[in-house]
Amino acid sequence: MGLVLAGAAWIVLTGVLARNELLATQRSLATLQNLKATRAPTAGEQGLGSLAPEVRSAAAHAARAHRYTTGPAWYLAAQVPVLGDPVRTVRGAAWATNRVTADVLPPLVRLAADLTADARAAGSPIDLAALRRAAPSLERAAHVASDTRTRSAGLPPHTWLPAADEARTRLKGQLDRLAPATADAATAARVLPAMMGAEGERRYLVIFQNTAEARGTGGLPGAFAVLTASQGKLSFGDFGNDTLMANAHATVDFGKEYTAEYSLNAPTTTWVNANLSPHFPYAAQIWANAWSHHSGKKADGVIALDPGAMAGLLAVTGPARLADGTIVSAGNVVDLTERTSYAAFADTMERKGFFLDVASATAAKLLPAADGRRVPALLSALRTELNESRVTMWSAHPPEQRELQRHHFAGDLPDGPAPFAGLVVNNAAGSKLDYYLDRKLDWEPQQCSRYGREITVTATLTNRAPASGLPTYVTQRVDRPPYATRPGDNRLLVSYFASTGAVFTRATLDGRTALLNSATERGHPVFTLDMELPAQSARTLKLYLVEPPATPAPVVLRQPLVRPLQSTVRPYPRCSR
């Protein structure tokens, strides 16, 4: 009994000490949320000595916490059912924190410093040689982060000690962010040097999408530019708008399913309709091919972004100033380009010219003229926009494209059997009213039958455009419908992309039976409704489907428009076998 009491006392004492060390670790890392180094390493520095003091401090505290929670007493206590759960959690949290601070953060923080240590002197925003040197250590860090995340997920989620539960929750959140970020950094070290022209000049077509007029990948391709990369040095040029590409065409073939679904709208010969499909590689290949025919030059890839992404990048670079003195900032770029400019410029070509000026000024802020110390923050902001699909990329080089798809940066429509729910809208009016569009999606599983699980999908679309006061260019009806409309009324092609193997049973629009067109894209059944959406109104589309029973929740497609999709996935029990 005395030995047991002594062991318990030892665990309490070392547990308190370990908790203090873990709290000290958190304080040390508080200033490294964006994984920035406070200084660049000097020549000859190696190991942890080359890192920010906060990282060295965090590693030291975490190592002590790990030592405090090892040994026979901690091991035996962790094996006790129920009573030992918080011991196991604290022990696991200390181990995971030690691993992260010793093996994951150092290469990441060192890279943030190395990337710009010599880049400014060379006139490049990123030191590509440093990126390549970092690749092996980042690969190891990514493996450690992934393994630590997996093993930490096995810690008891609910114990009798709230402090242990809070520590586990905090650890899970940190690892859920850190592991993907480390994997992305490792991928960047593998592919960015070649993509940035380390092995020869690269040329990318940059598409600026206007989400005030919805398209499958986001918005109408209103402007474009050419980004040239050579030995890490970047330059923008050849800015143009969709008018310039009005007669451009692409000679690509995506198969019978694509042709059957989209050929009526001529995506390969109509520049602004190239991205009706939410599968970005389709649009990218059309744009790249059409631009090559137009310019006689080859595109190595396509990058698309919208004003929301521009806002995220301007938040790092600071505002841009146009020739007329207009300030374009993170806070006003979306409103400026997708709402107020329509009232400010009655002439269409003047407005298109203004949008080009905004794109050019924003691009200039991203070039090497910016302070090199901002590059890690810019890369972090770019990763955020990539994860939110406000920036999407396609590479004409297959190995790079596979990496982009693996990290979900390619805007590709998944083609596997995993459950899927995709609400996609395309503007069919030729208006700019999607600035005012709200979208809600509710995915609700019902009972199981021998045919699968019944699913009810509810899509609610709300047109919040004011009934008066909008410029004619915003409310115009290029579709010229055979029925009467009012300014502010919108028309949308509303498509729902279901899970592979889903069977459609029926649909209703505002409670009445609706007839939908059906198609298939990349294995997904697609059901489309041509919907008139009057100003200041909401319409509700319900689809009733039978899908194959599955354990995981569906992946929800988030088409990036001005107003984010509000989605709800209802929980459900497993179907019995």
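*Asks:* Outline the environment of S499, supporting the account with residue identities and numerical values.
*Replies:* Mapped onto the elements, S499 comes out in the loop between β11 (490-497) and β12 (503-509). For the pair S499 and P554, spaced 55 residues apart in sequence, the C-alpha to C-alpha distance is 8.1 Å. Only 2.9 Å separates the side chain of S499 from the side chain of E547, close enough to count as a polar contact.

*Asks:* Quick one: what's the story with the pairing of strand β10 (residues 452-463), residue by residue and with numbers?
*Replies:* Within β10, 11 of the 12 residues are buried, leaving the element largely enclosed by the surrounding structure. Count of turn residues in the strand β9 (residues 437-449)/β10 antiparallel hairpin: two residues. When β10 meets strand β16 (residues 537-547), the two strands line up antiparallel, connected through 11 bridges. Its bridge partner lying in β16, I455 is registered against L545.

*Asks:* A description of the environment of T268 should follow, citing residues and the corresponding values.
*Replies:* Examined against the element boundaries, T268 turns out to sit in the loop between α8 (256-262) and α9 (280-295). What makes T268 partly exposed here is its relative accessible area of 23%. A C-alpha to C-alpha distance of 5.1 Å links T268 and A250, two positions 18 residues apart in sequence. Those residues in contact with T268 that lie beyond four places of it in its chain are A248, H249, A250, V252 and I286.

*Asks:* An account of the nonpolar core is needed here, citing residue identities and associated values.
*Replies:* With 34 residues, the main nonpolar core has L205, I207, W271, W287 and V302 as its most contacted residues. Residue assignment for this core shows that the elements contributing at least two residues are β1 (202-215), β2 (218-230), α8, α9, β4 (301-305) and β8 (420-427). At nine residues, the largest contribution of residues to this core is made by α9. Those residues within four positions of V302 in sequence are excluded, and the remaining contacts are Y204, L205, I207, F280, A284, W287, A288, T392, M393 and W394. V191, V333, M393 and F409 belong to the second-largest nonpolar core, a separate cluster that totals 32 residues.

*Asks:* Now, about helix α14 (residues 398-406): what can you tell me, with residues and values included?
*Replies:* Every buried residue of α14 is listed here: E400, Q401, E403 and L404. One side of α14 carries all its buried residues, which in axial view fall inside an arc of 160°. Those residues of α14 that are exposed and aimed more than 90 degrees away from the buried face are P399, R402 and R406. In the core, the buried residues of α14 are packed alongside α7 (162-195), β1, α9 and β7 (391-395).

*Asks:* Report on the sheet that holds strand β15 (residues 524-533), specifying residues and quantitative values.
*Replies:* An order of β14-β15-β11-β8-β17 is seen for the five strands of this open sheet, with the pairing classed as mixed. Two strands close off the open sheet at either side, each with one partner strand: β14 (517-521) and β17 (555-557). Within this sheet the neighbouring strands show an average axis-to-axis angle of 20°, counted without direction. Two strands pair when backbone bridges link them, and β14 and β15 are joined in this way by five bridges, in the antiparallel orientation. Its bridge partner being in β15, T520 is matched across the sheet by P525.

*Asks:* Tell me about a nonpolar patch on the surface, and name the residues and values.
*Replies:* A grouping of V80, V82, L83, W160 and L161 is seen on the molecular surface, where their side chains present a nonpolar patch of about 490 Å² in accessible area. Structurally, the position occupied by L83 is in the loop between α3 (72-78) and α4 (85-117). For L83, a relative accessible area of 57% translates into the label exposed.

*Asks:* Tell me about the packing of helix α11 (residues 333-344) against helix α12 (residues 348-365), residues and numbers included.
*Replies:* For any two helices packed against each other, the geometry comes down to the angle between their axes and how far apart the axes lie. Axis separation between α11 and α12 bottoms out at 11 Å; the angle between their running directions is 170°. For the element pair α11 / α12, the angle class is roughly antiparallel. From α11, V333, L336, T337, S341 and Y342 reach across to α12, where they touch R351, F354, F355 and V358. Taken together, the residues that form the contact of α11 with α12 break down as six nonpolar, two polar and one charged.

Criteria and cut-off values
- Counting starts from 1 at the beginning of each chain's written sequence and moves along it residue by residue.
- Selection of residues for local features in this predicted model requires a pLDDT of at least 70, selection of side-chain atom pairs for listing and counting requires 80 or more, and totals for whole chains, interfaces and linings are taken over all residues.
- The basis for every side-chain value is the complete set of heavy atoms in the structure, and neither hydrogens nor water enter the calculation.
- The helix and strand labels rest on DSSP assignments: H or I over at least four residues marks a helix, E over at least two residues marks a strand, and numbering proceeds from the N terminus.
- In protein, a polar contact requires one atom able to donate a hydrogen and another able to accept it; more generally it is a pair of N or O atoms within 3.5 Å, and residues adjacent in sequence count only if both atoms are side-chain atoms.
- Working definition: with a 1.4 Å probe on protein chains only, accessible area under 20% of the residue-type maximum means buried, over 50% means exposed, and in between means partly exposed.
- Strand pairing is assigned whenever DSSP identifies at least 2 bridges connecting the two strands.
- Residues are treated as being in contact if the distance between any of their heavy atoms lies within 4.5 Å.
- We call a set of buried Ala, Val, Leu, Ile, Met, Phe, Trp, Tyr and Cys residues a nonpolar core when their side-chain atoms join them within 4.5 Å.
- As used here, the arc belongs to the directions running from the helix axis to the C-beta atoms.
- Axis lines are fitted to C-alpha atoms, over the contacting stretch for helices. Their N-to-C directions set the angle, which ranges from 0 to 180 degrees.
- Candidates for patches are residues over 30% relative accessible area with no salt bridge; among them, like charges are joined within 9 Å and nonpolar side chains (Val, Leu, Ile, Met, Phe, Trp, Tyr) within 5 Å.
- We get accessible surface area from the Shrake-Rupley algorithm with a probe of 1.4 Å; when it comes to residues, only the shown protein chains can shield them.
- Note on definitions: salt bridges are taken to be side-chain nitrogens of Lys or Arg within 4 Å of carboxyl oxygens of Asp or Glu.
- Every angle not falling under 35 degrees, over 145, or within 65 to 115 is termed oblique; those three ranges are roughly parallel, roughly antiparallel and roughly perpendicular.
- Each residue gets one label: Ala, Val, Leu, Ile, Met, Phe, Trp, Tyr, Cys and Pro are nonpolar, Asp, Glu, Lys and Arg are charged, and the others, such as Gly, are polar.

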